[in-house]
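An overview of the molecular structure
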Amino acid sequence: MSQSLDSLLAEYDELEKKLADPSVHADQAGARKLGKRYAALGPIVKAAREIEQARSDLGAAKELASEDQAFADEAKQIEEQLPKMEEKLTELLLPRDPHDGDDVLLEIKSGEGGEESALFAGDLLRMYTRYAERQGWKVEMLDGTDSDLGGFKDVTVAIKAKTTTPDGVWSRLKWEGGVHRVQRVPVTESQGRIHTSAAGVLVFPETEETAEVEIDEKDLRIDVYRSSGKGGQSVNTTDSAVRITHLPTGIVTSCQNERSQLQNKARAMQVLQSRLVALAEEQKAQEQSDARRTQIRTVDRSERVRTYNFPESRISDHRVGYKAHNLDQVLDGDLDAVVDALAAADRAERLAGG
């Protein structure tokens, strides 16, 4: 561990020198990349220095313990704290998800349940939007197809942190991918019966524009159309919305919320780039591919990762056995407890070498 730690401490010092050089910031994308790495190493360096200081204090306290009981008490206290500090450092030294500091692209698609599923997709969008507001993140609507009753057949948003941190949007939302099931009495139900329907969530880390992915213009089909509002009503008199189909993979991205066709095309290309980078990474590692495929195979209510039960005000995450009876608060963006449970399970698995 010490050898790995020494190399990380040296890298941190080198990054600090580079970021202090004004010429480095001429390349904004490169400077952001360095800044992300510097921020990611920060907690490790802080923990290592705290341990070093604690060990130094322990040695001094032991030397003076025979002369003063206060130093003996201090030495005992430090000895009790050190194992916890070392455990924290060990956890920080575990391999991190390289995308933890990234922003995300989040897609929600209605599935089984017709209008009720579309309404639930709208509820999920509101939940993630409220959660983002609590975290101080920015939500940018990219594209959406409204349903007749005010929900969404599908919707795509970008969620962005306002500052560079090692634990960015992806570190909190990466487990949200999958089929989300709702059990409640739909507004369309006249006899008060409880229905079960589902909506699917896809989450991708949003990659930098400089990410190495080749997109051949010959592999693209680009369609333009008029942006639409509620109920499919056209809100533009020009064909400014853009839909891009990547023919080799079948990936489709679209954007209609920018002011011009050129801006919508550029944003849709950025989304396509992020999805192709994610696909390339999945193909390199089989386990990542398996995890990605389990996000959504079909939006079928039997393939659920989470259930939202309105009659019992219960939310259940089936992957980690999490249950709580605060559904209203969760749908209002109070997602931290369930996200923390998923993060804790992931951390335990990594500590166990899984």
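Keep in mind it's a predicted model, so treat the numbers as computed, not measured. (Residues numbered from 1 in each chain as written. Predicted model: local features only at pLDDT ≥ 70, side-chain atom pairs only at ≥ 80, totals over all residues. Heavy atoms only, no water.)

A word on the environment of Val271
Counting through the fold element by element, Val271 comes out in helix H6 (residues 261-284). Overall, Val271 belongs to the buried group, its relative accessible area being 4%. As for Val271 and Val104, which are separated by 167 residues in sequence, their C-alpha atoms are 10.0 Å apart. Not counting chain neighbours up to four residues away, the residues in contact with Val271 comprise Leu105, Leu142 and Thr253. (Helix = DSSP H or I, 4+ residues; strand = E, 2+ residues; numbered from the N terminus. Buried < 20%, exposed > 50% of the residue type's maximum accessible area, 1.4 Å probe, protein only. Contact = heavy atoms within 4.5 Å.)

Things to note about the pattern of salt bridges
Side chains that carry opposite charge are capable of pairing whenever their charged atoms lie near each other. Taken as a whole and judged by the stated rule, the model has 29 salt bridges. The salt bridge partner of Asp223 is Arg221, with a shortest N-O separation of 3.6 Å. Since its relative accessible area comes to 27%, Asp223 is described here as partly exposed. A residue is classified by how much of its surface remains accessible, and Arg221, at 42% relative accessible area, is partly exposed. Here Asp317 and Arg306 are joined by a salt bridge, their closest N and O atoms 3.1 Å apart. On the criterion of sequence distance, the pair formed by Asp317 in strand S10 (residues 314-317) and Arg306 in strand S9 (residues 304-309) is long-range, its members being eleven residues apart. In this pair, the class of Asp317 matches that of Arg306, namely buried. Here the residues in one salt-bridge network are Arg96, Asp97, Asp100, Asp167 and Lys174, joined through shared partners. (Salt bridge = Lys/Arg side-chain N within 4 Å of Asp/Glu carboxyl O.)

Some remarks on the sheet that holds strand S8 (residues 251-255)
Spatially, S6-S7-S8 is the arrangement adopted by the three strands of the open sheet, whose pairing is antiparallel. Bordering the open sheet on either side are strand S6 (220-225) and S8, each of which pairs with just one other strand. Adjacent strand axes in the sheet meet at a mean angle of 15° when their direction is disregarded. As judged from the six bridges shared by S6 and strand S7 (residues 241-246), these two strands associate in the antiparallel manner. (Pairing = 2+ DSSP bridges. Axes fitted to C-alpha atoms, helices over the stretch in contact; angles between N-to-C directions.)

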